[in-house]
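Analysis of the macromolecular model
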Amino acid sequence: MTVTEQGGTEAATGQPLVVLDGVNKWYGDLHVLQDINLTIKRGEVVVVIGPSGSGKSTLCRAINRLETIQKGSITLDGKPLPEEGKALAALRADVGMVFQSFNLFAHKTILQNVTLGPIKVRNMKKAEAQDRAKELLDRVGIGHQADKYPAQLSGGQQQRVAIARALAMNPKVMLFDEPTSALDPEMIAEVLDVMVDLAKQGMTMVVVTHEMGFARTAADRVIFMADGAIVEENTPEEFFTNPQSDRAKDFLGKILKH
Amino acid sequence: MDALVDNLDLILKGFWTTIQLTVVASIAALLLGTVLGTMRVSPIPPLRWLGAAYVEIVRNTPLTLVFFFMVFVAPQVDIVVEFKTSAYVALSVYTAAFVCEAVRSGINSVSTGQAEAARAIGMTFSQSISTVILPQAMRSIIPPLINIFVALTKNTSVAAGFFVTELFASGRDLNLRHPSDGLWFLGGVAFFYLLITIPAGIAASQLERKVAIAR
Ligand SMILES: Nc1ncnc2c1ncn2[C@@H]1O[C@H](COP(=O)(O)OP(=O)(O)O)[C@@H](O)[C@H]1O
Ligand SMILES: [Mg+2]
């Protein structure tokens, strides 16, 4: 099973899928997103990197309107993000999101976590949703734990379930907000492996992460943010070996020391 | 003692009315209160304001005044119903404000990540509330809810002042007819109230302990 089969992302690879045009957001006086212009093409994997507080999460969350913006526009597949209500819910169904803290539904089994969206939002038959969920859980290596509850799984396992839950909706694009930052070191690789597979299969991905290995293996582009603005944009190789801005040099110097 | 036994049918009749008031108002308050509690966390500001205004006004008004409004003021705008119906409405409206607050704080006890994850897979607000948030909020809603229903059981006695012959009114009326046996009637009435409230109170504290362990 490949992503292109289920997601229909195959058509027109390379066409703009997510377009941010002059996006601005303030929290009170704090200008958290400053004139963000960003085009993410179908099938592209974009890594967002930058110091804490630079607006990476806000950017990510603006793309599925978990955060509203005050100026500029965001379009998905050519359509502006709806304001509220059912249309917004429908948009979110097409945008997968993976959180730093997993956020699996604590009162549902692993299988139910993955079938809930397809059944409630896509009106899929229960049996069909379960079959698909089992396939996806196998794919992320959790198939044998389908009847457990989230709290019974390790962080790395929970995050892989969260990825399966998002994939079950057949998203056009997947957003990852520091998916491995809450994990113990030995569990980071198992989650990154799943993400690398996904990238290889052509999923469009926006990934906030400081994992340089992932960026080098899977990303088409690295975006460096500081103080709410995109400071630098480049291929991973160029960005990590030859950063242009002082902010990027300074930041890379700090994370490379460890 | 004899007077109590002889008039047990009247006491039981009042008790039955009290049970009716309690059960009907519990269900109605539960429904209305859940809707109000959901409104208080809704993404639509006017709904939030409406919910908040309801709670502030109703919760800070004496129940007697709510009854007074239903029984004496409402008929002036041609809303004429039976006294018992007025009692149902007054008790439901009043109790709903407390249910609302229990529901709201229960919803707030569920981490925001749960609601975000629900929204992120495309659930509408009402889907996320009913399938993700409320089921998880239940454990913190139920213990205060039982206490609210215990209070409601006792509050039904206010209906006695508004022409509904429930348990308290039966006792009061018997006392007027047989003043020398007043203490017996009082004890009988109290016994029947406790028959509802003590088991409910025990259930509440047991549930509370269970929730504490599960945390
Ligand atoms: N809900 C909020 N209210 C006020 N300020 C916020 C809120 N969320 C984030 N911020 C601020 O916005 C800035 C950007 O935050 P964020 O996007 O989370 O950064 P990052 O993910 O890069 O660490 C930070 O200074 C943060 O403190
Ligand atoms: Mg962040």
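Refer to the structure printed above.
Conventions used here
Residues numbered from 1 in each chain as written. Chains lettered and ligands numbered in written order. Predicted model: local features only at pLDDT ≥ 70, side-chain atom pairs only at ≥ 80, totals over all residues. Heavy atoms only, no water. Pairing = 2+ DSSP bridges. Helix = DSSP H or I, 4+ residues; strand = E, 2+ residues; numbered from the N terminus. Axes fitted to C-alpha atoms, helices over the stretch in contact; angles between N-to-C directions. Contact = heavy atoms within 4.5 Å. Buried < 20%, exposed > 50% of the residue type's maximum accessible area, 1.4 Å probe, protein only. Polar contact = N/O pair within 3.5 Å; in protein donor to acceptor, adjacent residues only side chain to side chain. Core = buried A, V, L, I, M, F, W, Y, C linked by side-chain atoms within 4.5 Å. Salt bridge = Lys/Arg side-chain N within 4 Å of Asp/Glu carboxyl O. Right-handed = clockwise from strand over helix to strand, strands pointing away. Phe/Tyr/Trp six-rings, centres within 6.5 Å; stacked < 30°, edge-to-face > 60°. Lys NZ or Arg CZ within 6 Å of the ring centre and 35° of its normal. Buried area = accessible area lost by both parts, 1.4 Å probe. Nonpolar A, V, L, I, M, F, W, Y, C, P; charged D, E, K, R; others polar. Parallel < 35°, antiparallel > 145°, perpendicular 65-115°, else oblique. Left-handed = near helix turned anticlockwise from the far one by under 90°. Patch = residues over 30% accessible without salt bridge, like charges linked within 9 Å, V, L, I, M, F, W, Y side chains within 5 Å. Areas by Shrake-Rupley, 256 points an atom, 1.4 Å probe, with all protein chains shown as cover. Lys, Arg positive; Asp, Glu negative; His and termini not counted. Charge placed at Lys NZ, Arg CZ, Asp CG, Glu CD.

**Some remarks on the sheet that holds strand 9 (residues 221-226) of chain A**
Residue and element names in this part refer to chain A. As summarised here, the arrangement of the 6 strands in space is 6-7-8-3-9-10, forming an open sheet in which the pairing is mixed. Each edge of the open sheet carries a strand with a single partner, namely strand 6 (95-98) and strand 10 (229-234). On average, adjacent strands in this sheet sit at an angle of 20 degrees to one another, irrespective of strand direction. Alignment of strand 9 against strand 10, held across 5 bridges, turns out to be antiparallel. Pairing of Val-222 across the sheet is with Asn-234, part of strand 10. With respect to the sheet, helix 2 (residues 56-63) is in contact with strand 3 (45-49), strand 6, strand 7 (173-177), strand 8 (204-208) and strand 9, its orientation differing from that of strand 7 by roughly 155 degrees. Where helix 10 (residues 246-256) meets the sheet, its contacts fall on strand 3, strand 9 and strand 10, and the angle it forms with strand 9 comes to roughly 100 degrees.

**Things to note about helix 8 (residues 167-177) of chain B**
The set of residues buried in helix 8 of chain B consists of Leu-167, Ala-169, Ser-170, Gly-171 and Leu-174 of chain B. The opening residue of helix 8 of chain B is Glu-166 of chain B, an N-cap whose side-chain oxygen sits 3.1 Å from the backbone nitrogen of Phe-168 of chain B.

**Some details on the nonpolar core**
Grouped together as the largest cluster of nonpolar side chains are 77 residues, with contacts concentrated most on Val-18, Leu-20, Ile-36, Leu-59, Leu-76 and Leu-175 of chain A together with Phe-67 of chain B. Of the residues forming this core, the biggest block, 12 residues, is contributed by helix 5 (residues 83-108) of chain B. Residues contacting Val-18 of chain A, with those up to four places away along its chain left out, are Leu-38, Thr-39, Ile-40, Ile-63, Thr-75, Leu-76 and Val-173 of chain A. Ile-163, Leu-167, Val-191 and Ala-218 of chain A belong to the second-largest nonpolar core, a separate cluster that totals 51 residues.

**A few points about the pattern of salt bridges**
Under the criterion given, the structure shown has 17 salt bridges over all chains. Note that Glu-233 of chain A and Arg-221 of chain A form a salt bridge whose closest N and O atoms lie 2.5 Å from each other. One end of the pair, Glu-233 of chain A, is in strand 10; the other, Arg-221 of chain A, is in strand 9, with 12 residues separating them in the sequence. Assessed through its relative accessible area of 38%, Glu-233 of chain A is described here as partly exposed. Across the salt bridge formed by Arg-40 of chain B and Glu-101 of chain B, the nearest N and O atoms sit 2.8 Å from each other. One end of the pair, Arg-40 of chain B, is in helix 2 (residues 8-40); the other, Glu-101 of chain B, is in helix 5, with 61 residues separating them in the sequence. Linked by salt bridges that have partners in common, Arg-42, Asp-77, Asp-94, Arg-122 and Lys-172 of chain A make up one network.

**As for the pairing of strand 8 of chain A**
Residue and element names in this part refer to chain A. The buried count for strand 8 comes to 5 of 5 residues, which makes it a mostly enclosed element. Because side chains alternate across strand 8, one face comprises the buried residues Thr-204, Val-206 and Val-208, and the other comprises Met-205 and Val-207, equally buried. Relative to strand 8, strand 3 is paired through 4 bridges, and the arrangement is parallel. Residue Val-45 lies in a different strand from strand 8, and its bridge partner there is Met-205. In this structure, strand 7 lies alongside strand 8, joined through 5 bridges in parallel fashion. Across the sheet, residue Val-173 finds its bridge partner in strand 8, namely Thr-204. For the crossover that starts at strand 7, traverses helix 7 (residues 185-200) and ends in the parallel strand 8, the hand is right-handed.

**Describing the packing of aromatic side chains**
Residues and elements named next belong to chain A. Applying the stated criterion across every chain yields a total of 11 aromatic pairs over all chains. Of note, Lys-25 hangs over the ring of Tyr-27, and the distance from its end group to the ring centre comes to 4.7 Å. Positioned above the aromatic ring of Phe-105 is the side chain of Arg-165, whose terminal nitrogen or guanidinium carbon lies 4.6 Å from the ring centre.

**Here we look at the interface of chain A and chain B**
On the side of chain B, 16 residues touch chain A, which itself brings 21 residues to the contact. Here chain A and chain B share an interface that buries about 1,700 Å² over both sides, 63% of which is from carbon and sulfur atoms. If you look at where chain A meets chain B, you find 1 salt bridge. Arg-61 of chain A is paired through a salt bridge with Glu-116 of chain B; the nearest N and O atoms lie 2.6 Å apart. Here chain A is connected to chain B by 7 residue pairs in polar contact (both at pLDDT 80 or more). Looking at the side of chain A that touches chain B, the elements that each hand over two or more residues are helix 3 (85-93), strand 6 and helix 4 (110-120) of chain A. Split by residue class, the side of chain A that touches chain B holds 12 nonpolar, 4 polar and 5 charged.

**Remarks on the packing of helix 4 (residues 63-73) of chain B against helix 5 of chain B**
All names here are of chain B. Contact geometry for helix 4 and helix 5: axes closest at 9 Å, N-to-C directions at 140 degrees. Considering the angle they form, helix 4 stands oblique to helix 5. In the packing of helix 4 onto helix 5, the handedness of the crossing is right-handed. Residues Leu-63, Val-66, Phe-67, Met-70 and Val-71 of helix 4 lie in contact with helix 5, whose contacting residues are Phe-83, Ser-86, Ala-87, Val-89, Ala-90, Leu-91, Val-93 and Tyr-94. Tallied by class, residues from the contact of helix 4 with helix 5 come to 12 nonpolar, 1 polar and no charged.

**Section: a negative patch on the surface**
Together, Glu-128, Asp-131, Glu-135 and Asp-138 of chain A give the surface a local cluster of negative charge. Among the residues examined, Glu-128 of chain A registers a relative accessible area of 42% and is labelled partly exposed.

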